[in-house]
Amino acid sequence: MGRGGDDNVVMKKCSDKERRALLDFKARLLDPDETLSTWRSEEEEDCCNWSGVTCNNQTGRVIKLSIISGGLEGEVSNSLLNLSYLTHLDLVDNSFHGIIPTFIGSMTRLRHLDLGLNHFNGTIPRFICSMTKLRVWKSHQLAIPLPWSCWQM
């Protein structure tokens with residue numbers, strides 16, 4: 001959570017656009033365990049201090065969203081597209097459902113994607129095969145096959 005690094009560096013707050021994107025993501029979910037209770041809508045709230053959110057120390061941009069075993073229920077919101085500097089998305093072991101969102105293919109900076117241990121259905125979208133910066137794709141216990149075209153690349 002939050003920021004790591006040199007204590008002498010002036011920390012920038014997350015942008016309003018990213019804070020609103022995270023609040024929209026939260027608003028569309030059931031959160032019975034109050035995993036996202038630190039995510040508050042007050043304007044002075046810095047989303048870099050919210051649980052599961054990591055920001056770049058110099059820019060204040062959200063670079064990592066990691067909500068593991070949070071008990072979250074619902075569909076993954078396309079509001080995450082407004083986290084344009086996101087490199088790490090880890091939503092493992094929640095109760096997300098529906099299809100794996102195709103908008104994730106537009107998240108061109110993603111290097112780590114873990115959606116395993118959720119309740120997705122359908123097929124893994126072909127975009128996974130063409131995400132050139134993606135170095136880690138985890139889908140453990142995800143009962144969805146990888147598209148055949150990925151194996152032909």
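Here, every reference points to the structure presented above.
Residues numbered from 1 in each chain as written. Predicted model: local features only at pLDDT ≥ 70, side-chain atom pairs only at ≥ 80, totals over all residues. Heavy atoms only, no water.

Caption draft 1: View of the pairing of strand 5 (residues 95-99). Where strand 3 (residues 73-74) meets strand 5, two bridges bridge the pair, whose relative direction is parallel. Within strand 5, the residue paired with E73 across the bridge is S95. The pairing of strand 5 with strand 7 (residues 119-121) spans three bridges and is classified as parallel. Of the residues in strand 7, the one forming a bridge with G98 is F120. (Pairing = 2+ DSSP bridges. Helix = DSSP H or I, 4+ residues; strand = E, 2+ residues; numbered from the N terminus.)

Caption draft 2: The arrangement of the pattern of salt bridges in detail. Considering all chains together, one arrives at four salt bridges under this definition. For D24, the salt bridge identified is with R28, shortest N-O distance 3.2 Å. Of the residues examined, D24 reaches a relative accessible area of 25% and is grouped as partly exposed. Given the relative accessible area of 49%, R28 is considered partly exposed. Between R40 and E42 there is a salt bridge, and its shortest N-O distance comes to 3.9 Å. Connected through salt bridges with shared partners, the residues R40, E42 and E45 form a single ionic network. (Salt bridge = Lys/Arg side-chain N within 4 Å of Asp/Glu carboxyl O. Buried < 20%, exposed > 50% of the residue type's maximum accessible area, 1.4 Å probe, protein only.)

Caption draft 3: Up close: the state of the cysteines. Taken as a whole and assessed by the stated rule, the structure comprises two disulfides. Covalently, C14 is tied to C47 through a disulfide, its sulfur atoms 2.2 Å apart. On the criterion of sequence distance, the pair formed by C14 in the segment before helix 1 (16-27) and C47 in the loop between helix 1 and strand 1 (53-55) is long-range, its members being 33 residues apart. Judged on exposure class, the residue C14 and its partner C47 are both buried. (Disulfide = S-S within 2.5 Å.)

Caption draft 4: Broad picture of the sheet that holds strand 7. The three strands lie next to each other as 3-5-7, forming an open sheet whose pairing is parallel. Each end of this open sheet is capped by a strand with a single partner; those strands are strand 3 and strand 7.

Caption draft 5: Quick look at the nonpolar core. Among the nonpolar cores identified, the biggest contains 37 residues, and L22, F25, W39, L65, L80, I104 and L110 are the most heavily contacted of them. Only helix 1, strand 1 and strand 2 (62-66) provide two or more residues apiece to this core. Counting residues per element, this core draws most heavily on helix 1, at four residues. (Core = buried A, V, L, I, M, F, W, Y, C linked by side-chain atoms within 4.5 Å.)

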